[in-house]
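Structural overview
Below are the chains, spelled out letter by letter.
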Amino acid sequence: MKRTIILAALAAAALAPMQALPQGAKLKVGLMLPYSGTYAALGDAIEKGFRLYLTEQGGKVGGREVEFVKVDDESDPAKATDNVNKLVKRDNVDVIVGTVHSGVVMAMAKVAKDSGTLLIVPNAGAGAVTGAMCAQNIFRSSFSNWQPGYAMGEVAAKRGAKKVVTITWKYAAGDESVGGFKEAFEKGGGQVVKELSLPFPGVEFQPLLTEIAALKPDAVYTFFAGGGAVKFVKDYAAAGLKGKIALYGPGFLTDGTLEAQGADADGLYTTLHYGDGLDTPKDKSFRAGYAKAYGAQPDVYSVQGYDAAQMLAIGLAATKGDVSKKAEIAKAIEGAKIDSPRGPFTIGASHNPVQDMYLRQVVGKDNKVIGVASTALADPGRGCRM
Ligand code: PHB
C-alpha cells in the first residue's frame, strides 16, 4: 500500500513538470515583416504597436510570456514561402504575425492553412486571405484592399468627379484597391477612363504623370504606400498637377509619410480606418503610451500591430494560452468587440474587420478626420462562414 502511494507520488512528480510545460513555456511569436525596402517603416510601426500592447499586458498573453523570432520578408513574394517555412518548420513558432505586402501574405496564408499555425495579418489587404483562402486559424487586424478603395469611390463621386484616371503598383494591393474604388465610383455615376500602373516597388512616375497631364481627368485615384507614396506625392506636385487635378487615395498615401512629403501633401483627401484627432479616450491613451515608449506619433500601421496583439490576447485568454485549441480561439475572436484606437470594431464572417472608414484631409502634419465616409463597412468576401 505504502509502496503504491510512493510510486504514484513519484510518477505524479515526474509527470507534473511535463504537464505544466505548455502553460509555463514561452509563447513563440514569429514576426514576418518588411524591415528593409519601401515598406520598412510600415513593418517597424507594426512591431512597435504589437509590443506596446504586450507591455500594457505585463508582457504576457494567455498567461504566457512572449518570445519573438523575426524575419525580414523584404516585401518579396519570391522569398515568401521560404521565409514563412523558416518560422513554422525551423523555429516552430506558435503564431505568425505578418505581413505588409499582399503578394507575400498569400504564401503565408497557404502555409498557415496547411500547417494549422495561427496567423494574424496586421496589414496586407489581399482579398483572398479573408475570402477564397479563409480559414479558422487566419485573421486580419487591418483591412481588405477593397475597403478604403470603395469608401473613396463614394467620396469622389459625391465630390463631383466624373472622369478619373487610376495609377498604382501592379500587384494585388493596387489592383484590388482600384477595383473597390471603381465599383463605388461607377455606381455613383463616375467613369474610370484609364488605369495606369508600374511594377512594385518602382518609382519611375514621370512618364505616367505626363500621360495624366495629357488626359486631363477630373481626378486621379492612386494606391501607393511607404517610400513610394512619399515620392509619388512629391512628384505629383513637381509635375504641376497638385491643385489642378484632384488627387484621391486610400489613406496609405499620406499615413506615416507626412514629415517627408511636407507641403506637397497639404489638403489631400484620403479614406482610411484611422486618422488624427479622433479624440476618444482609447485613442488618447494609445497615443500617449506610444509617444512615451518610442518618442514618435503612431500611424495606421502602429494601430494594426497593436490590434493584432489584442486579437491574439483575446483568443489565447479563452484557452489559457493553449494555441492548439483552434476552434475556441476562433470563437473568442469572432465574438469580440475589439477596443481599437481606431474605434471599436468586430471581425466578420471571413475574419476581416468590419469597421468605419473615415474621410481625412491633410492639415499640416495631420491626417485630420473630417467625417465618416462609410459606416461599419464589411468586405464583400463573405463566402467563408465558419
Ligand atoms: C498590401 O500590399 O496589401 C499593402 C501594402 C501597403 C499598404 C497597404 C496595403 O499601406
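Details of the structure are given in the entry above.
Just so it is clear, the model here is predicted, and its values are computed rather than measured.

Rules used throughout
Residues numbered from 1 in each chain as written. Predicted model: local features only at pLDDT ≥ 70, side-chain atom pairs only at ≥ 80, totals over all residues. Heavy atoms only, no water. Helix = DSSP H or I, 4+ residues; strand = E, 2+ residues; numbered from the N terminus. Rg over C-alpha atoms; globule rule 2.2 N^0.38 Å. Contact = heavy atoms within 4.5 Å. Areas by Shrake-Rupley, 256 points an atom, 1.4 Å probe, with all protein chains shown as cover. Buried < 20%, exposed > 50% of the residue type's maximum accessible area, 1.4 Å probe, protein only. Near = heavy atom within 4 Å. Polar contact = N/O pair within 3.5 Å; in protein donor to acceptor, adjacent residues only side chain to side chain. Nonpolar A, V, L, I, M, F, W, Y, C, P; charged D, E, K, R; others polar. Pairing = 2+ DSSP bridges. Axes fitted to C-alpha atoms, helices over the stretch in contact; angles between N-to-C directions. Core = buried A, V, L, I, M, F, W, Y, C linked by side-chain atoms within 4.5 Å. Parallel < 35°, antiparallel > 145°, perpendicular 65-115°, else oblique. Left-handed = near helix turned anticlockwise from the far one by under 90°.

1. Here's the deal with the overall build of the protein
Within the protein, the regular secondary structure consists of 12 helices and 14 strands. Relative to its length of 386 residues, the protein is compact, with a C-alpha radius of gyration of 22 Å against a globular reference of 21 Å. For the protein, the C-alpha atoms occupy an extent of roughly 95 × 40 × 35 Å along the three principal directions. Sequence separation of at least 24 residues holds for 68% of the intrachain contacts in the protein that already meet a minimum separation of 6. Surface accessibility of the protein: about 15,500 Å² in total, with carbon and sulfur atoms responsible for 56%.

2. A closer look at the environment of D279
Mapped onto the secondary structure, D279 falls in the loop between β11 (269–272) and α10 (281–294). Judged by relative accessible area, which is 54%, D279 ranks as exposed. Considering only alpha carbons, one finds D279 and F181, 98 residues apart in sequence, at a separation of 28 Å.

3. As for the site of the ligand
Looking at the ligand, there are 16 residues lining it, with V100, S102, G125, Y171 and Y301 nearest. At 2.5 Å, a side-chain N or O of Y171 approaches an oxygen atom of the ligand. Take Y301: an N or O atom from its side chain is 2.8 Å from an oxygen atom of the ligand. Relative to its unbound accessible area of 280 Å², the ligand is 100% covered by the protein chains. Broken down by class, the residue content of the shell around the ligand amounts to 11 nonpolar, five polar and no charged.

4. Quick word on the sheet that holds strand β3 (residues 64–72)
Here we have six strands laid out as an open sheet, ordered β2-β3-β1-β4-β5-β6, and mixed in their pairing. Unpaired on one side and paired on the other, β2 (60–61) and β6 (138–140) mark the two borders of the sheet. Across the sheet, helix α2 (residues 40–56) touches β1 (27–33), β2, β3 and β4 (95–97), and the angle it forms with β3 is around 175 degrees.

5. Quick notes on the nonpolar core
The biggest cluster of nonpolar side chains holds 74 residues, and the ones touching the most others in it are L27, V29, I212, F232 and L312. If one sorts the elements of this core by residue count, helix α11 (residues 300–318) sits on top with 10 residues. Contact partners of I212, with chain neighbours within four places excluded, come to V165, I167, L196, P217, V220, L241 and I245. Counting residues in each nonpolar core, the second largest holds 24 residues, with V69, V71, V104 and A109 among its members.

6. Overview of the packing of α11 against helix α12 (residues 326–334)
Viewed as axis vectors pointing N to C, α11 and α12 meet at an angle of 125 degrees, and their least axial separation amounts to 8 Å. The orientation of α11 relative to α12 falls into the category oblique. Considering how the two elements wind past one another, α11 and α12 form a crossing that is right-handed. In this structure, α11 uses M311, I314, G315, L316 and A318 to contact α12, whose residues at the interface are E328, I329, A332 and I333. Classifying every residue of the contact of α11 with α12 by side-chain character gives seven nonpolar, one polar and one charged.

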